[in-house]
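Each chain, letter by letter, is given below.
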Amino acid sequence: MPMPVELSFSNDAAILTIDNSPLNLINAEVRAGIQHCIFKVLETGATRLIITGTGTTFVAGADAKEFGKLPVDPQLNDVLMQLAHLPIPTIAAINGAALGGGLEIALACCYRIASTSAKLGLPEVNLGIVPGAGGTQRLPRLIGIEAALDMIVTGKAVSAEQALKMGLIQLLADDPLGAAIALDDDVLEAAQAPDNLPSPKPNHVAAEVARAHVARRMPGQNAPQVAVNLVATSATTPLHDALASERSAFLDLRTSDQARALRHVFFTERTATNKGRAYPRPSRDAETAIVVGGGNMGAAIAYTLATAGISVTVVERSASSAEWASKNLQKLIDQGISRGILSVDAAKTVEDRLVTVSGYDALPPTDLAIEAAFEDFAVKTAILTELEGALPPETIIATNTSYLDVNRLSDGLKHPARFVGMHFFSPAHIMKLLEVVRSDRTSDGTLGAALVLAHRLGKIPVLSGVCDGFIGNRILSSYRRAANRLLVEGANVDEIDAAMRGFGMAMGPYAAQDMSGLDIAYANIRRKAVAEGNCCGHVPLVERLVEKHKRLGRKSGAGWYDYGPDGKPSHSELVASEILRVSEEMNFTRREFSADEIVERLLLTMVAEACDILDEGVAEKPQDIDLVMIHGYGFPRWRGGLMHHAKNIGKDRLTALFSALVKEDPCDWRVPRYLERVFAT
């Protein structure tokens, strides 16, 4: 069996090659191999040591599977200390991605050469930890505190060209290894490892800016704040002491609840992106698609397909509607350019892949057709029937419904096996979640094609069964219903939103509903009331705001909040008075709620609904619900998702909380049957 670290020679140059396929991850065997080669190089008389990787990866970081286990010697920080103090020049020939511990290896070298396609970064904060092998100390010595904070605190990678400009590397080369072998001795003699460079200049302003960024954009997360402190102290603390502090912080953080939660999400995402392997793979990748509807959602879906290399025909009802759809598409392309996502040339290519037409006559044969009309059962069934009649029988037909019954939508199709739900989240070109909804008659081949497409689009796919709202919107409905119940019991809109933001949600339920539109919520309430009737705990606040006051959210300048000319939300006395009125009509005795009580009540509501979804088989496993809530609804990633967080609360505590609520209100509460199974998964 080949070793993951090999030592070879080219004249007087020793070449240490890391070959731990497929990603060149650092594990105990790799660390031991690097250390062994370092000792061996000293015995050979080599005049330089070059470290490189195989394929298109230098080193992609540490193997996260080791983070949940006891550390195994040798530790990377000790190995890199030996590397940094070798008596011969050391060169990192960065042939591809150098991330986490991979970049820390390069930072311990005297000289760094990167391929033009290389990416360099320290993404440890994304796993709830900080660099633990010198990254927070050696990087500031090369590029300064401000630039180091930007990389380490955000976890973002930089291109090789950016790395050259900031001084992270000294040379770009198509063949980094060849360039390292050919490097002049005079150049190497002048190069020094960061350990021998002066400490960076203090930059208190950059540190405070970074702390403010963390407080604003990463509330509740521990690792980013620790990272700021470590980078800041690189200017004032002796290197040996600072490296010891960094290592101690790394070891403390890697056993924390946040790190465990983020590792859970990391591995769950990896499993989701590989979901398609469990189903038949299509004979070829989709090259063409049709999207029916060029509104905000349809245009975003079409744009997403086009940026993935698929030629798209957008179908509208009339010539004027088609022209309107073309303008929506052009807006997305222009935004892509302005945000730096698309170059001018790439934008032209995307534009060339997009065509708008009116009507279903003479539609081109296509691999995939997606219906993206508004949520009306009759409208959607009519579109699906027309699509099936206009397209070859092998075309996969999908609906982008958010709530409607996918089984019923397929009833009128002659070939229901090729029909699938593909619920994109808005905005579809940005949101990563894609609920793939399997009807009772959807074939495995159709599911396989949908999952392969999701991977191609860069989405996180979650397989869902059929129910009203599928996984995410069903939980969201319960969440909003419980929040409305809190309003009439005594809480207010601002308090609930603030409590959920404090928990870590990206937005509170009312700010989020104002963003999406109360008219959408109102239509869904009416639809469900006709089909099922309102549940016993229904609070008719949305109906009051829409029917009586025409408050539709941000789009109308008034929803749960009032919105001024600057678009900023403010407390609404009108909404407060309507809440009091409904509370009196429903005979509630109002009381004050603490932020913790609000969070607890809303979390329990979501957990109960999620348990029912699992019990019914709508979701396959709790991890799927975690992904849906994180990527679709802003649940804090660092808490691991809804069900992971429930496990952290503990079965006994949850059971006691649910039992207390059942005693208080048996109409709305019960102990979920699935709770026992959640903790066995």
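A. Broad picture of unusual backbone geometry. Cis geometry is found at the peptide bond from D73 to P74, where omega equals 0°. Looking at the secondary structure, you find P74 in the loop between β6 (61–62) and α2 (76–84). Of note in the backbone geometry, A362 takes a positive phi value of approximately 60° without being a glycine. Its place among the elements puts A362 in the loop between β15 (354–358) and β16 (368–371). Positive phi values are uncommon outside glycine, yet F470 reaches one of about 55°.

B. Spotlight on the pattern of salt bridges. According to the stated counting rule, one finds 38 salt bridges in the structure shown. Among the ionic pairs, K165 bridges to E161, the shortest N-O distance being 3.8 Å. In this pair, K165 and E161 are both assigned in helix α6 (residues 160–166), 4 residues apart and thus about one turn of the helix distant. One salt-bridge network, held together by shared partners, links R485, E489, R601, E664, D665 and D668.

C. Structural context of helix α18 (residues 444–456). For α18, spanning 13 residues, the distance from its first C-alpha to its last is 18 Å, which sits close to the expected 18 Å at 1.5 Å a residue. Every buried residue belonging to α18 is among T446, L447, G448, A449, A450, L451, V452, L453 and A454, and all of these are buried. Tucked inside the fold, the buried residues of α18 contact α13 (296–307), β16, β17 (396–399), β18 (419–424), β19 (433–437) and β20 (460–464). Residue G458 follows α18 closely and has a positive phi angle near 75°.

D. Fine view of the packing of helix α9 (residues 204–217) against helix α10 (residues 223–233). Contact pair α9 / α10: the axes reach a minimum separation of 9 Å and the direction vectors enclose 175°. In terms of axis orientation, α9 runs roughly antiparallel to α10. From α9, A207, A210, R211, V214 and A215 reach across to α10, where they touch P224, Q225, V228, N229 and A232.

What counts and how
Residues numbered from 1 in each chain as written. Predicted model: local features only at pLDDT ≥ 70, side-chain atom pairs only at ≥ 80, totals over all residues. Heavy atoms only, no water. Helix = DSSP H or I, 4+ residues; strand = E, 2+ residues; numbered from the N terminus. Salt bridge = Lys/Arg side-chain N within 4 Å of Asp/Glu carboxyl O. Expected span 1.5 Å × (residues − 1). Buried < 20%, exposed > 50% of the residue type's maximum accessible area, 1.4 Å probe, protein only. Contact = heavy atoms within 4.5 Å. Axes fitted to C-alpha atoms, helices over the stretch in contact; angles between N-to-C directions. Parallel < 35°, antiparallel > 145°, perpendicular 65-115°, else oblique.

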